[in-house]
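# Architecture and fold: a report
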Amino acid sequence: FGRSICLFNEKTGIPGKDNEGENIMGISIKLYDDVDTWKTVSFLYNSALKEVNTKLEILNDEFQHVHRYNPIEHIKSRIKSPESIVKKLKKYGYEVNIENMVNYVKDIAGIRVICSFTSDIYRIAEMIASQGDLEVLSIKDYIKNPKESGYKSYHMIISVPIYLSDSVVDTNVEIQIRTIAMDFWASLEHKIYYKFEGNAPAYISRELRECANMVSKLDAKMLSLNETIQQFSLSNEK
Ligand code: GTP
Ligand code: MG
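An account of the accompanying structure is given in this report. (Residues numbered from 1 in each chain as written. Chains lettered and ligands numbered in written order. Predicted model: local features only at pLDDT ≥ 70, side-chain atom pairs only at ≥ 80, totals over all residues. Heavy atoms only, no water.)

It is worth spelling out helix α2 (residues 34–67) at this point. With 34 residues, α2 ought to run about 50 Å at 1.5 Å a step, and its terminal C-alpha atoms sit 49 Å apart, in line with that. Immediately beyond the C-terminal end of α2, within one or two residues, lies Arg68, with a positive phi of roughly 55 degrees. (Helix = DSSP H or I, 4+ residues; strand = E, 2+ residues; numbered from the N terminus. Expected span 1.5 Å × (residues − 1).)

A few words now on the packing of aromatic side chains. This model, assessed by the stated rule, comprises five aromatic pairs. Measuring from ring centre to ring centre gives 6.2 Å for Phe63 and Tyr69, while their planes differ by 65 degrees; the resulting arrangement is edge-to-face. With respect to class, Phe63 is no different from Tyr69; both count as buried. (Phe/Tyr/Trp six-rings, centres within 6.5 Å; stacked < 30°, edge-to-face > 60°. Buried < 20%, exposed > 50% of the residue type's maximum accessible area, 1.4 Å probe, protein only.)

Below, the discussion takes up the side chain of Asn172. Its location among the elements puts Asn172 in strand β7 (residues 168–179). Setting aside residues up to four positions removed in sequence, Asn172 forms contacts with Tyr45, Lys106, Ala109, Leu137, Ile158 and Ser159. (Contact = heavy atoms within 4.5 Å.)

The next subject is the pattern of salt bridges. For the structure shown, the criterion picks out eight salt bridges. A salt bridge links Lys80 to Asp107; the nearest nitrogen and oxygen atoms lie 3.1 Å apart. Residue Lys80 is found in the loop between β3 (72–79) and α3 (82–91), and its partner Asp107 is found in the loop between α4 (98–104) and β4 (109–115); the two are separated by 27 residues along the sequence. For the pair Lys80 and Asp107, a shared accessibility class is recorded, and that class is buried. Between Arg123 and Asp120 there is a salt bridge, with its nearest N and O atoms 3.3 Å apart. Of this pair, Arg123 and Asp120 both sit in helix α5 (residues 118–129), three residues apart, which is roughly one turn of that helix. Overall, Asp120 belongs to the buried group, its relative accessible area being 0%. (Salt bridge = Lys/Arg side-chain N within 4 Å of Asp/Glu carboxyl O.)

So, about unusual backbone geometry. With a phi angle near 55 degrees, Arg68 is a residue other than glycine that sits in the positive phi range. When you line up the elements, Arg68 lands in the loop between α2 and β3.

On to the sheet that holds β7. Read across the open sheet, the five strands follow the order β3-β4-β7-β6-β5; overall the sheet is mixed. In this open sheet, the two strands that pair with only one neighbour each are β3 and β5 (135–141). When strand polarity is set aside, the average angle formed by the axes of neighbouring strands in this sheet is 25 degrees. Across the face of the sheet, α5 comes into contact with β3, β4, β5, β6 (154–163) and β7 while running at roughly 170 degrees to β7. Of the strands in this sheet, β3, β4 and β7 touch helix α6 (residues 180–195), which is tilted by about 95 degrees from β7. (Pairing = 2+ DSSP bridges. Axes fitted to C-alpha atoms, helices over the stretch in contact; angles between N-to-C directions.)

Direction vectors running N to C along α2 and α5 enclose 120 degrees, while the axes themselves pass 11 Å from each other. Considering the angle they form, α2 stands oblique to α5. With respect to the hand of their crossing, α2 and α5 are arranged in right-handed fashion. Here Leu56, Leu59 and Phe63 of α2 lie close against α5, whose contacting residues are Arg123, Ile124, Met127 and Ile128. Per-class residue counts for the contact of α2 with α5 are six nonpolar, no polar and one charged. (Parallel < 35°, antiparallel > 145°, perpendicular 65-115°, else oblique. Left-handed = near helix turned anticlockwise from the far one by under 90°. Nonpolar A, V, L, I, M, F, W, Y, C, P; charged D, E, K, R; others polar.)

Shape descriptors only; they carry no functional weight alone.
Below is the structure:
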């Protein structure tokens, strides 16, 4: 990996004097400065996002080809800002350095997969889990076990191999899978949460939980409606 690192270091114009190497993500990195190291790390996470995005697009296209139906409505991805990463490390009481960031912040690279129906969520999760080169590190099913807030979503932390010129680096990506309705609720709740800095009045939290129940009912109704429509078109084909 040394060679790829040099690519970044050359840009800084710092002469390649030998300093102590540091082991990050299983690769030995010669640190010149933190900005440089952050560039390298964010390059890896960006590559991981590209890999997983492509995988999801291929699965969606294949599904369309075979079943004439798209399980994925749309995909959003982001790299966590350095400010949020530092905030999270401090919250968990870790010293702020790149090594802790990589080891303890599992959602530096995040992908959100939005689908139409609850059934699509499990279909997509299964397709991801069965990809030979991806490793599922953890799963949190907030659909079967919603959060206290009412939050529903299916979370996976996976590890994806990034092939560099002379090494392979396993990189973590958080995948959140949810329906359009769950996403609508989560983005609104997030805005309210921030507005009140986590201390929303009790009645607002209550109303939000009520909305979350409505979202579940809506999702269930839409799913059964879709099943009826599909049976209808099947019997028409006969
Ligand atoms: P954190 O990221 O610190 O919450 O770590 P964690 O290990 O508890 O992860 P968890 O799987 O619980 O949640 C990670 C992400 O899910 C968050 O960064 C949010 O994007 C989303 N999330 C979790 N809970 C809520 C919630 O109550 N409301 C909303 N809007 N989003 C949530
Ligand atoms: Mg959390």
